[in-house]
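Observations on the model geometry
Each chain, written out:
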Amino acid sequence: MRNKVKRYAMLFDLRKCIGCNACAVACKSENNVPLGVWRSWVKKVEKGHYPHSKEFFLPIVCNNCENPICVTVCPVGASIKRSDGIIYIDPHRCIGCRYCMAACPYGVRYINPKLNIAEKCYWCHHRVDAGLKPACVLACPTGAIMFGDLNDPESDISKTMAKNAVQVIKPEMGTKPHTFYIDLDIDTVEAKQMEEE
Amino acid sequence: MSKIGISRRRFIKTGLGCVAAAATSIGTAQIPAADKKTMGVSRTSLKSLYAIPTTCEQCPAGCGIIAYLDGERLVQILGNPSHPNNQGGICTKGLAGINLVNDPERLLYPMKRIGPRGSDSWTRITWDEVYFTLGTRIKEMIRDGRISELVVDKGQNDSLLDRFITAIGSIHIINRPALKNLTRDTAFTAMIKSPLLFEDVGRSRTILNFGANPYSNHDQFIGIARRLVRARIEKGARLITFDVRMSETAAKSDSWHPIKARTDGIVALAMAKVIVEKELADKNFLDHNTNCPISKIKHHLSPYTPELAERESGVKAVDIERLAIEFATRKPSVAIIGGGVSDHENGLQNIRCIALLNWLVGNLEKEGGLFFPRFPLNHQGKPSLLSDSRLELSHAVKGAMELQEIDTQIDTYFAYLSNPAYNDPDCESSARFLKDEKSVPFLVVMDTHLTETAMMADMVLPAATYLEGWSISSAPSLDKVPILNLRQPVVSILSTAKVLRFPTFDSGKLLEPTFQPLGESREIGNLCLELARRIGGSVLASLPFENTQDYVTKITSSIPGLKKQGGFKTLKRQGFWTDKTLKKGYYLNSGKKSTSNMTQKVKIYSDTLKHNGHPPLPEYQPVASHKEMNSNEFIFTTFKSNLTARGASNSKWAREILHENRLWVNKKKADRLGIKNGDKVRVISPVGTLITRVLTTSRIHPRSVAMAEGLGHTAIGNVAKARRFKSKDQDTNLIWWSKEGNGVNPNKIIERRIDPISGGQALKDTKVLIEKI
Amino acid sequence: MDTQVIYNIIHQEAFGLNIAIYFYLTGLSAGSFILSTLAFGFGMKQYKPLGKVGVVLATMLLIIAPFFLLIHIGMPYRAWNLFVYLNFASPITWGTFLLVLYPINCLIYGYFMFKGNMRLTRIFGFIGIPLAISVHGYTGFILAFGKARALWNTALMPILFLVSAIVSGIALMILVCIIKDRFFSKEKKIDLTLIFNLGKLLAWMIIFDLFLVGSDLIVLSISHSDAQAVAHLLLLGKFSPLFLIVENLLGKIVPFILLVVPKFRRLTTIVVASILVVIGIFFMRYVVVVGGEFIPLI
Ligand SMILES: Nc1nc2c(c(=O)[nH]1)N[C@H]1C(S)=C(S)[C@@H](COP(=O)(O)OP(=O)(O)OC[C@H]3O[C@@H](n4cnc5c(=O)[nH]c(N)nc54)[C@H](O)[C@@H]3O)O[C@H]1N2
Ligand SMILES: Nc1nc2c(c(=O)[nH]1)N[C@H]1C(S)=C(S)[C@@H](COP(=O)(O)OP(=O)(O)OC[C@H]3O[C@@H](n4cnc5c(=O)[nH]c(N)nc54)[C@H](O)[C@@H]3O)O[C@H]1N2
Ligand code: SF4
Ligand code: SF4
Ligand code: SF4
Ligand code: SF4
Ligand code: SF4
Ligand SMILES: [Mo]
């Protein structure tokens, strides 16, 4: 049965990801994201010992969570969850208190240094509302990113998710992320930047 | 979700609707339905964007792109979903192309030097003065019969420039795009009379990758990366990569085999031996399509045991044997060859060794194998109209330093989008040579930026970017269908109001004249045409075009296939054209014995090589100096990151992600040398020294060290130099990586070595010494 | 598995120093207020002289504190949004009310105290106590809602913040009383019994505080991996000098010894101990806020 209400989701097929950063740069140009902050980026992690080593790529965007703690904590209700699951920030209401940044378990929010308000990936809702795919989905050279309606069983993303094992980052946070991954490596998620000597 | 969406009316209104609609009729099977109706929408005003399809020229792949304009401003570039090669995908530097156009540090006016060379003091001049100066000089050189004193150093091919060069009869040409590929081109021309073959990786089941990194850079970058990924994930193909370091491709391969630098040849030969001895070779192909019977090959291969290969290369004998069997039995299979193989002194022979693997499985012109390029034909049935550098093998000069070595008399040195003072191996010597007024009396540089080379010029000319001009080229035919790419200007000086009044692409005609390069920058083609007019005579006669657009229009009208399908108008609406009659693509060798359409035979045995005193059969040539290396000696390799490329040096988005090129050193090896991650080291080669930080990693062979090229600029712009500055773009004041620096230029320490057979550059052969500071 | 991050972005700091200062000042304010009510609310006569000092301090500190919030937020001109758009799920919205009600109550309470109306002072003192507790408790909730930051995300956070608020409040009060008596009172004579009583109180509160910090640490060090990483950061990592030496040794243990060993019972030692505590608690705020953010989330 097709549900009239949409529930959007994003799916990264990490088997197809070549770590090229095109998604990150497409986002910069689509959303005019200033230098120094990112709505989307690709974490790269090395594992193992020579010659049994490997590099892993993990593109990260906002999870547009079902239980978004960022929305819970926003004191002025500037972080808003739409009925289709997209969480966006009302740029006229946000006071730039950074509480959402402190509370989000995924570090995907930032304060725009030009506008002094919080921003994050909102799945390009301006494009989605016009019937388009988010910019990063279109740009990805290998088609590793999928975007669509989970309430529509006929959508590509529903079909792909039904047939593949999917994971989310930090499920234990109880935020119910809606950015899914195929072939997610837990060590890559947990690896932390080393301190420079 | 793909079905619901925008109304028909809105769809048409956006202009690209027309493109997409037109594309449907051409339709290649691979285009996913959902991607067809692409358009843009302004994030702030929610208005539809004005979309123009064109071609990316930041690398040889020539992807189809769509430029989106918000009013008159170019705001975004995305892939063209209808383009058969990249199918809507696009790489990072393609996306960052708008940084190149909108760069506040672009060179926008012609200037001439007023201080001493290299002093960076300039005065603005008019284009008329440029035409006069250059025109007079060239006229005089022609008149005095010393046109050989004109050196043209072209970093990018342009067919009008090529015509101009031919018309004036200059002979000293440095063709940068061809230089690097010279070894490969020579090797293939000797074997199959074509400088290149395409790899049908999208349909292969086993792919051996020797020294190519198509997930980060390649001649057909996105087109091939996309096909490889699909083949691997959706069709279960296996990808096996041999590389001295773990490239992005190696990271996403089924296995990575770290190989000692420049020993690929022996690994391939050992595999070949296994295939032949286990009688897995395609006898039929070898007998009918090559000049070398299997018995001869078998005899030749007998010394190359997997054990010997293991000792030489470090690749395990068991792996060699297993992979050889897999390659010969899990078909279709193909072995691909990258710069890692060709950029060595034994490059040509290494290429021949790997090519032999392909001949052994007989994959030439078969599904999932190798195939010849297909070009759109003109009415004489010749592809040559679209002069393609890849087909051109007349490389007169192999770099600036060769001019000095052969004591060339120079009057004028004209560099177009070429930056030898930075990019040449041993670039400091090149820079010294160019700076010397006795050797190079008059240096003219045409570029988008004040490059290292331009800093020493007597005259600098602002070049239009690839987004500001017209050209036509044949894109790689990755599905065996000839493709014609149109590049048209997308930088507009229209008022917003005017564009909004005519938002459909169809009325593009009305708007055409107002597309114009920024400032006073000019297309090289238009410069050549103007010079031809000033020189007159036969030069003018062979360049009878008004401007680049006129040239492109005339050329396309000579292609009968295109004419039938709507001609130039179609081309402009789609941004490219594929020959419908040849839509399906075909293999010359369909696999059945009798139906082979291939006329020529593969020359596994080369008489030419024999004549010139080289081994005629594929052979491994070790290099003595690399055998005996001390523990702190390494082979220095550079690689092309997907974030560095021509035109991306001063891109804020690319440089924000990659601004440091640390030296990769094997972790265990570094431990032994007492070098820790982040330590500073001195890297010493016979031609120079550089200081850099180290990245200790488990992803590189212990005998190699590696570094991304394309960083460490000392000119071009503040972004390239990692300096924060104020400009009309607020972002430049947010450059945050000044402390981390802008990397180092590896070319300072790379020796000028060549493969003696082909003359191609051996950029990856320098032996270096590492000292901890 | 052995891993090494090859590329990741730098994340902005969410809270940082300004918020640490804000928490510190509200803590001092709440502590002072609670002390002030000891005499007037609970009739503990020996603390009567604290009443007026306490309320003045509490009010002043709480008027200064929000300025650090205004510096912190990106859009200070929009601070009024906090009153227009309410989200009762957000501790900051709770704070909006508290930051208005609490100073007003302080003013009224102080007014009646200075007027000498004991009944109303008592009533507003009682109203003020939950407010004061909430004002500081809510800042604990702000941090506790940071669900991915192991150092913050504990139910102990509000109570820990309260106890440390009282600790710092007492220490500040000691210092202020001494200064007041010494320089501004008619007699220019320090009320030593009061000071020693406060010192005793301070010592017990320090013990309680140490107990809470210790409990927190013990649980952190056996909890999930991020928590263990934080424990490591505090005990052996970059924040260990601040945490172990400045906050706990100099800020709590040394003052405790100075306060409880009878040999040291002198005015100067109490002054020294109080100064140490006041500084120590500041670093406690700093370590919690900045240290809590130190380990990247991803
Ligand atoms: N992003 C990007 N793409 C580009 C370009 C660009 O500047 N940027 N430039 C374009 C141009 S002009 C060219 S010529 C092509 C060049 O394309 P290539 O020449 O293929 O690229 P490279 O990065 O030089 O080398 C490819 C790989 O060879 C490996 N290698 C080095 N030595 C050896 C060896 O001995 N054996 C093996 N097996 N591997 C080895 C390196 O580690 C590297 O991963 O790329 C084109 N594409
Ligand atoms: N260490 C090392 N050195 C190398 C290589 C290597 O792999 N390693 N590779 C070698 C190879 S393969 C090559 S091809 C050469 C490349 O050498 P060059 O051809 O000298 O290359 P680039 O610096 O890539 O580009 C030259 C100029 O073109 C301008 N430009 C770029 N894009 C555009 C455009 O679209 N329009 C216009 N109008 N201008 C543009 C840029 O401003 C840039 O200054 O470098 C060689 N040098
Ligand atoms: S990922 Fe973070 S910012 Fe995005 S919805 Fe979830 S909690 Fe909010
Ligand atoms: S920064 Fe803006 S969106 Fe985030 S919590 Fe504060 S007001 Fe809400
Ligand atoms: S969906 Fe849009 S906002 Fe989100 S990462 Fe992709 S491009 Fe950026
Ligand atoms: S664009 Fe696609 S392939 Fe490239 S990093 Fe992003 S998800 Fe991976
Ligand atoms: S692969 Fe080359 S042609 Fe294609 S978008 Fe990237 S730079 Fe442009
Ligand atoms: Mo090249």
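Residues numbered from 1 in each chain as written. Chains lettered and ligands numbered in written order. Predicted model: local features only at pLDDT ≥ 70, side-chain atom pairs only at ≥ 80, totals over all residues. Heavy atoms only, no water.

1. Points about the overall build of chain A
Short version of the rule: Secondary structure counts use DSSP, requiring at least four H or I residues in a row for a helix and at least two E residues in a row for a strand, with both numbered from the N terminus. Only C-alpha atoms enter the radius of gyration, while the globule expectation follows 2.2 Å times N to the 0.38, with N the number of residues. Exposure is judged per residue with a 1.4 Å probe applied to protein chains only, and the accessible area is read against the type maximum: over 50% gives exposed, under 20% gives buried, and values in between give partly exposed.
From N to C terminus, chain A includes seven helices and nine strands. Against the compact-globule benchmark of 16 Å for 197 residues, chain A has a radius of gyration of 17 Å, which places it among compact chains. Taking the principal axes of the C-alpha coordinates as reference, chain A spans close to 55 × 50 × 30 Å. Here chain A holds 197 residues, and 70% of them are scored as buried.

2. Remarks on the overall build of chain B
Our working definition: What makes two residues a contact is simply this: any of their non-hydrogen atoms within 4.5 Å. Residue exposure ignores everything except the shown protein chains as possible cover, and the areas themselves are Shrake-Rupley values with a 1.4 Å probe.
On a plain count of helices and strands, chain B comes out with 30 helices and 25 strands. Burial analysis of chain B (773 residues in total) assigns 65% to the buried set. Here the contacts in chain B between residues at least 6 apart in sequence split such that 72% fall between residues at least 24 apart. On chain B, roughly 27400 Å² of surface is accessible, and the fraction owed to carbon and sulfur atoms is 51%.

3. Side note on the side chain of Lys154(B)
Note the threshold: Identification of polar contacts relies on pairs of N or O atoms within 3.5 Å, with a donor-acceptor requirement for protein atoms, meaning one able to donate a hydrogen and the other able to accept it, and with residues adjacent in sequence counted only if both atoms are side-chain atoms.
Secondary-structure assignment places Lys154(B) in strand β6 (residues 150-154). A polar side-chain atom of Lys154(B) sits 2.7 Å from a polar atom in the side chain of Asn157(B).

4. Let's talk about the pattern of salt bridges
Side chains bearing opposite charge may pair, as long as their charged atoms lie close to each other. Selection criterion: Whenever Lys or Arg places a side-chain nitrogen within 4 Å of a carboxyl oxygen from Asp or Glu, that contact is recorded as a salt bridge.
Scanning the entire structure with this criterion turns up 63 salt bridges over all chains. Of the charged contacts in the structure, one is a salt bridge between Glu46(A) and Arg699(B), with a shortest N-O distance of 2.6 Å. Of this pair, Glu46(A) sits in strand β2 (residues 41-49) while Arg699(B) sits in the loop between β23 (688-697) and β24 (704-708), each in a different chain. Neither residue differs from the other here; Glu46(A) and Arg699(B) are each classed as buried. Here the residues in one salt-bridge network are Arg137(B), Arg143(B), Asp144(B), Arg146(B), Glu149(B) and Asp411(B), joined through shared partners.

5. Digging into helix α14 (residues 317-329) of chain B
Rule in force here: Residue count minus one, scaled by 1.5 Å, sets the expected span of a helix.
A rise of 1.5 Å per residue sets the reference length of α14(B), with its 13 residues, at 18 Å; its end C-alpha atoms lie 18 Å apart and thus fit the reference within 8%. Buried within α14(B) we find Ala317(B), Asp319(B), Ile320(B), Leu323(B), Ala324(B), Glu326(B), Phe327(B) and Ala328(B).

6. Thoughts on the site of ligand 6
Spelled out, the test is: The near set for a molecule or strand comprises every residue that places at least one heavy atom within 4 Å of it. Side-chain classes are defined by residue name, with Ala, Val, Leu, Ile, Met, Phe, Trp, Tyr, Cys and Pro counting as nonpolar, Asp, Glu, Lys and Arg as charged, and the others, Gly among them, as polar.
The environment of ligand 6 is made up of 13 residues, and the closest members are Cys17(A), Ile18(A), Cys20(A), Cys23(A) and Cys140(A). The residue inventory of the shell around ligand 6, partitioned by class, reads ten nonpolar, three polar and no charged.

7. Observations concerning the sheet that holds β2(A)
To keep it simple, the criterion reads: Whether two strands pair comes down to DSSP finding at least two bridges between them. Note on definitions: angles span 0 to 180 degrees between N-to-C directions of axes, and those axes are lines fitted to C-alpha atoms, for helices only across the stretch in contact.
Taken in spatial order, the three strands make up an open sheet running β3(A)-β2(A)-β1(C), and their pairing is antiparallel. The strands lining the two open edges of the sheet, one partner per strand, are β3 (52-60) of chain A together with β1 (3-7) of chain C. Strand-to-strand twist across the sheet, computed as the mean angle between neighbouring axes with direction ignored, equals 25 degrees. Across nine bridges, β2(A) lies against β3(A) in antiparallel orientation. From the neighbouring strand, Lys43(A) faces β3(A), where its bridge partner is Leu58(A).

8. A look at the site of ligand 4
In the neighbourhood of ligand 4, the contacting residues comprise Cys74(A), Pro75(A), Val76(A), Ser79(A), Cys94(A), Ile95(A), Gly96(A), Cys97(A), Arg98(A), Cys100(A), Arg109(A) and Ala118(A). Each residue belonging to the shell around ligand 4 can be placed in one class, and the counts come to eight nonpolar, two polar and two charged.

9. Some remarks on the nonpolar core
Counted only if it meets this: What we call a nonpolar core is a set of buried Ala, Val, Leu, Ile, Met, Phe, Trp, Tyr and Cys residues that are connected through their side-chain atoms within 4.5 Å.
One finds Phe210(B), Phe242(B), Met271(B), Leu357(B) and Trp359(B) to be the most contacted residues of the largest nonpolar core, which totals 161 residues. The next biggest cluster of nonpolar side chains, apart from the first, holds 118 residues, and it includes Ile19(C), Ile21(C), Leu38(C) and Leu259(C).

10. Digging into the interface of chain C and chain B
Where we set the bar: Put simply, buried area is how much 1.4 Å-probe accessible surface two parts lose in total, over both of them, once they are put together.
In this complex, chain C contributes four residues to the contact, which on the side of chain B involves seven residues. Between chain C and chain B, the buried area comes to about 420 Å², and carbon and sulfur atoms account for 52% of it. Three residues stand out in chain C for area buried against chain B, namely Gln4(C), Ile6(C) and Tyr7(C), and they jointly supply 82% of the buried area on that side. In this assembly, chain C and chain B are joined by zero salt bridges. Applying the counting criterion to the chain C and chain B interface returns two residue pairs in polar contact (both at pLDDT 80 or more). Of the residues belonging to the side of chain C that touches chain B, the class tally is three nonpolar, one polar and no charged.

11. Let's talk about the domain arrangement of chain B
All names here are of chain B. As a reminder, the rule being used: Marked domain ranges trace back to an automatic or database domain assignment.
For chain B, the assigned domains are domain 1 (13-90 + 470-516 + 560-578), domain 2 (111-180 + 381-462), domain 3 (198-371 + 600-611) and domain 4 (624-772). Every contact between the two is made by 21 residues of domain 2 and, on the other side, 24 residues of domain 4. Among the residues of domain 2 in contact with domain 4, Tyr422, Pro425 and Asp426 are the three that bury the most area, contributing 34% of the side total. Taken together, domain 2 and domain 4 are joined by one salt bridge. In this structure, the salt-bridge partner of glutamate 405 is arginine 752, at a minimum N-O distance of 2.5 Å.

12. Thoughts on the side chain of Arg227(B)
All names here are of chain B. The topology assignment puts arginine 227 in helix α8 (residues 221-234). From its side chain, arginine 227 meets the backbone oxygen of glycine 223 in a polar contact 2.9 Å long. Look past the residues within four positions of arginine 227 in its chain and what remains in contact with it is Pro84, Asn85, Gln87, Val201, Gly202, Leu478 and Asp479.

13. Points about the packing of helix α1 (residues 16-40) of chain C against helix α10 (residues 267-294) of chain C
All names here are of chain C. Threshold: Every angle not falling under 35 degrees, over 145, or within 65 to 115 is termed oblique; those three ranges are roughly parallel, roughly antiparallel and roughly perpendicular. In this scheme the handedness of a crossing depends on how the near helix is turned from the far one: anticlockwise by less than a right angle means left-handed, clockwise means right-handed.
The contact between α1 and α10 brings their axes to 9 Å, and the two run at 140 degrees. Classified by the interaxial angle, the pair formed by α1 and α10 is oblique. Considering how the two elements wind past one another, α1 and α10 form a crossing that is right-handed. Listed contacts from α10 to Gly16, Leu17, Ile19, Ala20, Ile21, Phe23, Tyr24 and Gly27 of α1 are Val278, Ile281, Phe282, Arg285, Tyr286, Val289, Val290 and Glu293. Residues belonging to the contact of α1 with α10 are distributed by class as follows: twelve nonpolar, two polar and two charged.

14. Some remarks on the sheet that holds strand β17 (residues 471-475) of chain B
Residue and element names in this part refer to chain B. With antiparallel pairing, three strands are arranged side by side in an open sheet as β17-β18-β19. Each end of this open sheet is capped by a strand with a single partner; those strands are β17 and β19 (576-578). Recorded for the sheet is a direction-independent mean angle of 20 degrees between the axes of neighbouring strands. Relative to β19, strand β18 (residues 483-487) runs antiparallel, the two being bridged by three bridges. Along β19, the bridge assignment pairs isoleucine 483 with threonine 578. In the packing of helix α24 (residues 548-557) onto the sheet, the strands contacted are β17 and β18, and the crossing angle to β17 comes to about 45 degrees.

15. Here's the deal with the environment of Glu140(B)
Residue and element names in this part refer to chain B. Following the sequence through the fold, glutamate 140 ends up in helix α5 (residues 127-143). Note on glutamate 140: relative accessible area 31%, which makes it partly exposed. Taking C-alpha positions, glutamate 140 is 9.6 Å from isoleucine 535, a pair spaced 395 residues apart along the chain.

16. A few points about the interface of chain A and chain B
A common way to express how large an interface is: the accessible area buried when the components associate. Opposite the 58 residues of chain A that make contact, chain B presents 67 residues. Buried surface at the junction of chain A and chain B, both sides included, amounts to about 5100 Å², of which 58% is carbon and sulfur. The interface formed by chain A and chain B includes six salt bridges. Glu234(B) is the partner of Lys16(A) in a salt bridge, and the nearest nitrogen-oxygen pair spans 2.5 Å. Applying the counting rule to chain A against chain B returns 22 residue pairs in polar contact (both at pLDDT 80 or more). Elements represented by at least two residues in the side of chain A that touches chain B include exactly α1 (22-31), β2, β3, α4 (125-128), α5 (135-139) and β8 (145-149) of chain A. Split by residue class, the side of chain A that touches chain B holds 26 nonpolar, 14 polar and 18 charged.

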